[in-house]
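Coordinates in review
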Amino acid sequence: TYKAVLFDLDGVLADSAREHYAAWKRLADELGLAFDEQKNERLKGVSRMASLDILLEDAPRPYSDAEKHALATRKNGYYQAIIQKVTPDALLPGARQALEACKALGLKTALASASRNAPLLIDRLGIGPLMDFIADAGAAKQSKPAPDIFLMAAKGVAVPPERCLALDDAAAGVLSAKAAGCYVVGVGDADILAAANAIIPDIAAFDPKSYLD
Ligand code: G6P
Ligand code: MG
C-alpha cells in the first residue's frame, strides 16, 4: 500500500499557476511576443529557462544566453513581487485538508515542484509544518518531464517511488511522476493529463484513503 504522497505545488496546492502565467505574459507583452493560456499550458511544470525557450520560440530574432538570463531574472522578479504578498488565502480549496488527511493516515508528505520559489511560497502559505520534505528544484539535474524531482521527493521521505502517490496538474509533471514509478493522480483536465493513472478535477476531490488497501 502507499506510504507517501508527493505533491506538485503550482496549480495543485496553490493558485500560483495563474501568477506564473501573469508574470510570463507581462514579459511577453514587453517583448512584443504572442503568448496566451494555450501556449502557457506547455510551460506548466517546466523549469524557468525551458519555459523562456518556449516563450521565445517564435521570436523574430535570436536571443543570446546573457539576454536570456536577464529575461528569466526579470520574469522571476515579477513573480516574486506577487508571491511576497501571498497569504494562506491563496491555498486552493481543500489543499490544507488534503495534507492534514495524509498526516492523519500516517502518510509521509513531500513537495515535488519544479519551482525554485517553492520553499518561499510554502512558507507564505503556512503549510511548511504539514510537509515532511521539500525537494530542491535547483538540485534536479533534469526538470519535468524527467523523473528527477519526484525521485528526490520520494528519497527525501525514504519511501520507494512505487509506494508513492503523486499529484500534478501539468502534462510534464504527470510524465515525470510516471517515469519515477509513482501512482499518478492527475489534477485537472483528463485530456491534458491522459498519461495519469487516475484523474481528479481539483485537490478538494483528493481522498488519500480511497487509494489505500
Ligand atoms: C513550476 C511551474 C512553472 C514554473 C516552474 C519554475 O513547475 O508550474 O510554471 O515555470 O515551476 O518556477 P520558478 O519559480 O523556479 O521560476
Ligand atoms: Mg503544477
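This text goes with the structure placed above it.
Residues numbered from 1 in each chain as written. Chains lettered and ligands numbered in written order. Predicted model: local features only at pLDDT ≥ 70, side-chain atom pairs only at ≥ 80, totals over all residues. Heavy atoms only, no water.

Lining the immediate environment of ligand 1, one finds Asp 10, His 20, Leu 43, Lys 44, Gly 45, Val 46, Arg 48, Ser 51, Ala 114, Ser 115, Arg 116 and Asn 117. A distance of 2.5 Å separates an oxygen atom of ligand 1 from a polar atom in the side chain of Ser 115. Here Asn 117 contributes a side-chain N or O atom positioned 2.6 Å from an oxygen atom of ligand 1. The protein chains hide 97% of the 390 Å² of surface that ligand 1 would expose on its own. When the residues that make up the shell around ligand 1 are grouped by side-chain class, the tally is 3 nonpolar, 5 polar and 4 charged. (Near = heavy atom within 4 Å. Polar contact = N/O pair within 3.5 Å; in protein donor to acceptor, adjacent residues only side chain to side chain. Areas by Shrake-Rupley, 256 points an atom, 1.4 Å probe, with all protein chains shown as cover. Nonpolar A, V, L, I, M, F, W, Y, C, P; charged D, E, K, R; others polar.)

Next up on the list: the pairing of strand β1 (residues 4-7). Here β1 shows two buried faces, one formed by Ala 4 and Leu 6 and the other by Val 5 and Phe 7. Both β1 and strand β2 (residues 108-111) contribute to a ladder of 4 bridges, which runs parallel. Opposite Leu 6, over in β2, you have Ala 110 as the bridge partner. Relative to strand β4 (residues 164-168), β1 runs parallel, the two sharing 4 bridges. What sits directly across from Ala 4, in β4, is Cys 164. (Buried < 20%, exposed > 50% of the residue type's maximum accessible area, 1.4 Å probe, protein only. Helix = DSSP H or I, 4+ residues; strand = E, 2+ residues; numbered from the N terminus. Pairing = 2+ DSSP bridges.)

Every buried residue of helix α8 (residues 171-180) is listed here: Ala 172, Gly 173, Val 174, Ser 176, Ala 177 and Ala 180. Tucked into the core, α8 has its buried residues touching α7 (148-156), β4 and β5 (183-187). With its phi angle positive at about 100°, Gly 181 sits one or two positions after the end of α8. (Contact = heavy atoms within 4.5 Å.)

Take unusual backbone geometry next. Residue Lys 144 is joined to Pro 145 through a cis peptide bond whose omega torsion reads 15°. Here Ala 158, not a glycine, exhibits a phi torsion of approximately 55°, which is positive. With respect to the element layout, Ala 158 can be found in the loop between α7 and β4. When its relative accessible area of 69% is taken as the criterion, Ala 158 is described as exposed.

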